[in-house]
Amino acid sequence: MPYIKIESGKLSDEQKVTLIQRLTEVSSEIMQIPQDFFTVTITELPDKNFGIGGKPIDIVKTEYKRKHQ
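Computed from a predicted structure; not experimentally measured.

Rules of the game
Residues numbered from 1 in each chain as written. Predicted model: local features only at pLDDT ≥ 70, side-chain atom pairs only at ≥ 80, totals over all residues. Heavy atoms only, no water. Pairing = 2+ DSSP bridges. Helix = DSSP H or I, 4+ residues; strand = E, 2+ residues; numbered from the N terminus. Right-handed = clockwise from strand over helix to strand, strands pointing away. pLDDT = per-residue confidence, 0-100. Expected span 1.5 Å × (residues − 1). Buried < 20%, exposed > 50% of the residue type's maximum accessible area, 1.4 Å probe, protein only. Arc of directions from axis to C-beta. Contact = heavy atoms within 4.5 Å.

### Things to note about the pairing of strand β1 (residues 3–8)
The side chains of a regular strand alternate between the sheet's two faces. Sheet analysis places β1 next to strand β2 (residues 39–44), joined by 6 bridges and oriented parallel. Opposite Lys5, over in β2, you have Thr41 as the bridge partner. Handedness of the β1-helix α1 (residues 13–31)-β2 crossover: right-handed.

What follows is the structure, given as structure tokens:
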């Protein structure tokens, strides 16, 4: 049974449904295993609990928004 684990920031319920559906569909197609055998879990992490480039994600997002407004 394939197990797909995603760790991300906060997602809406709609995003979670779509992510689970599409990950399962694509993985099933690539691996040639029926979709019924897949398990998908999503772990949401607060932006302050992970980082990129030595900065917490909340700071990275704020800086990105300032540059692209």
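### Some points on the confidence of the model for the chain
Of the residues in the chain, 100% have a pLDDT of 70 or more, and the chain-wide mean is 95. Strand β3 (residues 51–52) is the least confidently modelled element of the chain, averaging 90 in pLDDT, while α1 averages 98, the highest of any element.

### A look at α1
Note that an α-helix has 3.6 residues per turn; residues three or four places apart therefore point the same way. The terminal C-alpha atoms of α1, which comprises 19 residues, lie 27 Å apart, in line with the 27 Å expected from a rise of 1.5 Å per residue. Of the residues making up α1, those classed as buried are Thr24, Ser27 and Ser28. The buried residues of α1 occupy one face: seen down the axis, they fall within an arc of 100 degrees. Summarising the geometry of α1, the exposed residues directed more than 90 degrees from the buried face are Glu14, Arg22, Glu29 and Ile30. Packing partners of the buried residues in α1 comprise β1 and β2. A positive phi of about 55 degrees marks Gln32, the residue just after α1.

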